[in-house]
Amino acid sequence: GRQLWPMIHRAWELGARMDGWQDRNDPAIWDRAMAETGVDPVEIGCRDRERDEILPWDHLSCGVDRPKGAPNMMFPTSTILPDGRVLIAGGFTKVSEEAGRFELGQASKRGFIYDPATGIIDQVGSDMNKARGAHSAVYLPKTKLVLLVGGAERMYKEKDNTCFPFYFLKNTAGTVGFEYELFDPAWNNGQGRFLDWTAAEWPDVTHEMNKNARRVFPGVSLNNDGTVLVTGGGSWPSCQTNTETDSDYQIAEIYRPKSDNYTGMFMESYGALTMKGMRTGHSTALLGVKDKRATHIFWGGSEDGPLAELYTEASGQMDGTFGVFTPVEFLDSNSYKKRPYFHTLTPLKDRRFLLVGGTLVKSGDLAIPSSGDAHLVDFQSNNKVGISTVEGLEVGRYFHSAASFDADNVIVIGGFSSTVQGENNLFSNTATDDVRFFNLATGSFQLPSVDTIPMARGGHISAPLPDDCLLMVGGADVVHEGLEFGSDTVPLLVEVYCPSAVCPESLWETTCYQE
C-alpha cells in the first residue's frame, strides 16, 4: 500500500509523467525505481487478496459511498426522483451453476436512494413485498409515488455462446411478473419506503395486474393524465425459449393511480389495448404531447408485425376510453428492416432519437450484436419516420446503457457484445468497457479523449445526475464473477462517471495537467 511512496517518488524524480497515456509511459523508469527502492512488483501486484481486504486506495473517494454489506446486482431499476435523487431497486444478486447454464437468482427486495448532493447511497426504510429483478419502474407525478411492475424471481444464462444466452422460464419466474409495488420517496424526511400490500397504507384495490402474464423487462410509459401504459414482456428467442405466442402479452395494460375520484388499480381493457406486434425486449420513448394527450413510441422486440408503433392516449382514459396503437410508417420502406431486441432509444431534440445496439432477430433466432446497429431516427410532423445510419459505434452491444444530459449529446456505455473464435462470431461471455459519445451536431460517435473509462459491465443501470455526471450501479463483466457465486461475495458496484470532465487532448499540458 503506502509503502510504495518511495518508489513512486523516485520514478517521478527519474521523469515519470502522465503514465496513463501509452505514448508517455516508460517502463524502464519504473523498473529502475523499483530496483533502487527494493520493491518486488510480483509480491505487490500478483499475490492473492481476500475479498474484504483493505486496498491502498480505499481511503480515497470516487464521489459515491456505497452501503456496507450491500451485494452487487444485475438488472435492477433506477428511477430519477424530482429532487434529483435516484431510487435503485431489486435485481439478481446471486448466481449458481447448473448443467450447461448459470441461474441468476436470489432476487433482491431491497431499495437504495443515491443522493448526488452527498454522494451517499442509503438503504430505504422498508423492503419490497416481493423480490424481483428484470422489472421496470416509473415516477408518478400526480401521486408522488414510484410504480414498479413485473420482473422475475430468477433468470438464466446459457454457457453455449452460439445462441442468445439470457432467458427466463415462466414456471420458475414466480408471480412478480403480474404484481406491482409502490414506493413513497418522501416518507421519513426522504428516507423512503415501499408500501405494504397488507397494511392500510396500500392505496389500491389489489397489487396484481389484470392479465396473469409474467412480464419480464416490460415497457412502462407515463401518460399525460397520470396513468401508466405497460407493454410486452413475454419470452424472446434464446438458447432455450422461442418467440412469445401467448396473446395476453400483446394486450397492453393501463395503471390508474388512486385519486379523489378514482380507485387505484390496473384497469380492465377488454382487449381494447391490443398492440400491433407481440413485443418483448423493446424500447419505449415519449414522442410528444399535443392537446394534453401523450404519444409514445414502441420500437423493436417483435419478430412479426410492424417494426415500431405509436400509442396516443385518449382524453377519457381514466374512465375506460382508451387510445389506439398505430404502425409507424417509414419515409423509405426499404431503408430499414432491422428488428432489434434489448437496444436503447434515447430522445434528442426536434423529435429525433438515437437508436443503439441490440441483438437482431434473424430466421427466428437472435443474432450477435453488430457495430453497424446505430441509427438516428427522425419523426416528421406527419409522424412518418426517416432513419439514417450513425457511424463510429465500433462495438455492437446489448444490455448496455445510454443517457443524455441535454438532448444534444448521448453517452453509450458497456453492454454484452460478441467475440471471434476461429472463423465464428459468437456471443461474448464478457461485457465491454467501450464508451462512445454521440453528438447530434456532427451526427457521429467519438471516443473519450482520455483513457478514463468506466469498468466493463452489462445488465447495469445508469442515471444522469444534475451535475452532468452519470451514476452507474450493478451489472457484471462476467456473470459468475460479478455476482455472489458459491462462497465468493461481491459488494455493490457503484461508479459516478463525469464525461463533461474529460479534458481535450489539446489542453493536456497547458490546462488540465500541470506540475
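Up top is the structure.
Worth saying up front: this structure is predicted, and the values here are computed from it rather than measured. (Residues numbered from 1 in each chain as written. Predicted model: local features only at pLDDT ≥ 70, side-chain atom pairs only at ≥ 80, totals over all residues. Heavy atoms only, no water.)

Caption draft 1: Expanded view of the overall build of the chain. For the chain, the helix and strand inventory stands at 6 helices and 36 strands. For 515 residues, the compact-globule formula gives about 24 Å, and the C-alpha radius of gyration of the chain, at 24 Å, lands near that figure. Dimensions of the chain, computed from C-alpha atoms along their principal axes, come out at roughly 80 × 55 × 50 Å. Put simply, the chain has 515 residues, and 52% of those count as buried. (Helix = DSSP H or I, 4+ residues; strand = E, 2+ residues; numbered from the N terminus. Rg over C-alpha atoms; globule rule 2.2 N^0.38 Å. Buried < 20%, exposed > 50% of the residue type's maximum accessible area, 1.4 Å probe, protein only.)

Caption draft 2: Expanded view of the packing of aromatic side chains. Within this structure, the stated rule accounts for 36 aromatic pairs. Ring centres 6.1 Å apart and planes at 25 degrees place the aromatic pair Phe330 and Tyr336 in the stacked group. Each of the two residues, Phe330 as well as Tyr336, counts as buried. The ring of Tyr156 carries the charged tip of Arg101 above its face, separated from the ring centre by 4.0 Å. Geometry around Phe102 places Lys159 over its ring, the cationic atom sitting 5.1 Å from the centre. (Phe/Tyr/Trp six-rings, centres within 6.5 Å; stacked < 30°, edge-to-face > 60°. Lys NZ or Arg CZ within 6 Å of the ring centre and 35° of its normal.)

Caption draft 3: Up close: the state of the cysteines. According to the stated counting rule, one finds 1 disulfide in the structure shown. For Cys163, the disulfide goes to Cys239, at an S-S distance of 1.9 Å. A torsion of 105 degrees about the S-S bond marks the disulfide between Cys163 and Cys239 as right-handed. Pair noted here: Cys163 is in the loop between strand 9 (155-158) and strand 10 (166-167) and Cys239 is in the loop between strand 14 (228-231) and strand 15 (253-256), with a separation of 76 residues, a long-range link. Cys239 matches Cys163 in its accessibility class, with the two residues each being buried. (Disulfide = S-S within 2.5 Å.)

Caption draft 4: Structural detail: the side chain of Arg457. With respect to the helices, strands and loops of the structure, Arg457 is situated in the loop between strand 33 (444-446) and strand 34 (461-464). Judged by relative accessible area, Arg457 falls into the buried class, the value being 0%. In terms of polar contacts, Arg457 uses its side chain to reach the backbone carbonyl oxygen of Leu493, at 3.4 Å. Here Glu495 takes part through its side chain, which lies 2.7 Å from a polar atom of the side chain of Arg457. (Polar contact = N/O pair within 3.5 Å; in protein donor to acceptor, adjacent residues only side chain to side chain.)

Caption draft 5: Spatial organisation of the nonpolar core. By size, the foremost hydrophobic cluster in this structure holds 32 residues, and its most contacted members are Phe75, Met155, Phe164, Phe166, Phe217, Trp236 and Phe399. Put simply, the parts of the chain that give this core at least two residues each are strand 3 (92-98), strand 4 (101-107), strand 9, strand 10 and strand 31 (424-431). The dominant element in this core, judged by the number of residues it contributes, is strand 4, at 3 residues. With 17 residues, the next largest nonpolar core counts Ala285, Val328, Val377 and Phe379 among its residues. (Core = buried A, V, L, I, M, F, W, Y, C linked by side-chain atoms within 4.5 Å.)

Caption draft 6: A look at unusual backbone geometry. Here Arg351, not a glycine, exhibits a phi torsion of approximately 60 degrees, which is positive. Despite not being glycine, Asn383 shows a phi value in the positive range, around 70 degrees. Residue position: Asn383 is located in the loop between strand 26 (374-379) and strand 27 (385-389).

Caption draft 7: Layout of the sheet that holds strand 14. An order of 13-14-15-16 is seen for the 4 strands of this open sheet, with the pairing classed as antiparallel. A strand with exactly one partner marks an edge of an open sheet, and here the two such strands are strand 13 (219-222) and strand 16 (265-267). When strand polarity is set aside, the average angle formed by the axes of neighbouring strands in this sheet is 30 degrees. Relative to strand 14, strand 13 runs antiparallel, the two being bridged by 4 bridges. Across the sheet, Gly219 pairs through a bridge with Thr231, a residue of strand 14. (Pairing = 2+ DSSP bridges. Axes fitted to C-alpha atoms, helices over the stretch in contact; angles between N-to-C directions.)

Caption draft 8: Expanded view of the packing of helix 1 (residues 5-13) against helix 2 (residues 27-37). Two elements in contact, helix 1 and helix 2, have axes whose closest approach is 9 Å; the angle formed by their N-to-C orientations is 135 degrees. Judged by the inter-axis angle, helix 1 sits oblique to helix 2. Relative to helix 2, helix 1 is oriented so that their crossing is right-handed. Counting all contacts with helix 1, which are made through Pro6, Met7, Ile8, Arg10 and Ala11, the residues of helix 2 involved are Ile29, Trp30, Arg32, Ala33, Met34, Glu36 and Thr37. Broken down by class, the residue content of the contact of helix 1 with helix 2 amounts to 8 nonpolar, 1 polar and 3 charged. (Parallel < 35°, antiparallel > 145°, perpendicular 65-115°, else oblique. Left-handed = near helix turned anticlockwise from the far one by under 90°. Contact = heavy atoms within 4.5 Å. Nonpolar A, V, L, I, M, F, W, Y, C, P; charged D, E, K, R; others polar.)

Caption draft 9: A look at the pairing of strand 4. Along strand 4, 6 of the 7 residues are buried, which leaves the element largely enclosed by surrounding structure. Here strand 3 folds back onto strand 4, and the loop between the two strands holds 2 residues, one of which, Gly100, carries a positive phi near 80 degrees. Sheet analysis places strand 4 next to strand 9, joined by 4 bridges and oriented antiparallel. Counterpart to Glu103 in the pairing with strand 9 is Tyr156.

Caption draft 10: Looking closely at helix 2. Looking at helix 2, one finds that the buried residues are Ile29, Ala33 and Met34. One side of helix 2 carries all its buried residues, which in axial view fall inside an arc of 130 degrees. Close packing links the buried residues of helix 2 with helix 1 and helix 3 (41-46). (Arc of directions from axis to C-beta.)

Caption draft 11: Highlighting the pattern of salt bridges. One pass over the full model with this rule turns up 21 salt bridges. Where Glu201 meets Arg193, a salt bridge forms, and the shortest distance between an N and an O atom there is 3.1 Å. The exposure class of Arg193 is partly exposed, given its relative accessible area of 23%. Note that Asp434 is salt-bridged to Arg436, the shortest N-O span being 2.9 Å. Accessibility classification places Asp434 together with Arg436 in one group, the buried group. Linked by salt bridges that have partners in common, Arg10, Glu13, Arg32 and Glu36 make up one network. (Salt bridge = Lys/Arg side-chain N within 4 Å of Asp/Glu carboxyl O.)

Caption draft 12: Representation of the sheet that holds strand 17 (residues 283-290). Here we have 4 strands laid out as an open sheet, ordered 17-18-19-20, and antiparallel in their pairing. On the outer flanks of this sheet lie strand 17 and strand 20 (324-327), each paired with one strand and no other. Here the strands of the sheet are splayed against their neighbours by 25 degrees on average, with no regard to which way each runs.

Caption draft 13: Geometry of the environment of Leu286. Its location among the elements puts Leu286 in strand 17. According to the relative accessible area criterion, Leu286 is partly exposed, its value standing at 43%. Each C-alpha atom of the pair Leu286 and Val228 lies 12 Å from the other, and the pair is 58 residues apart in sequence. Dropping the residues within four chain positions of it, Leu286 is found in contact with Ala294, Thr295, His296 and Phe353.

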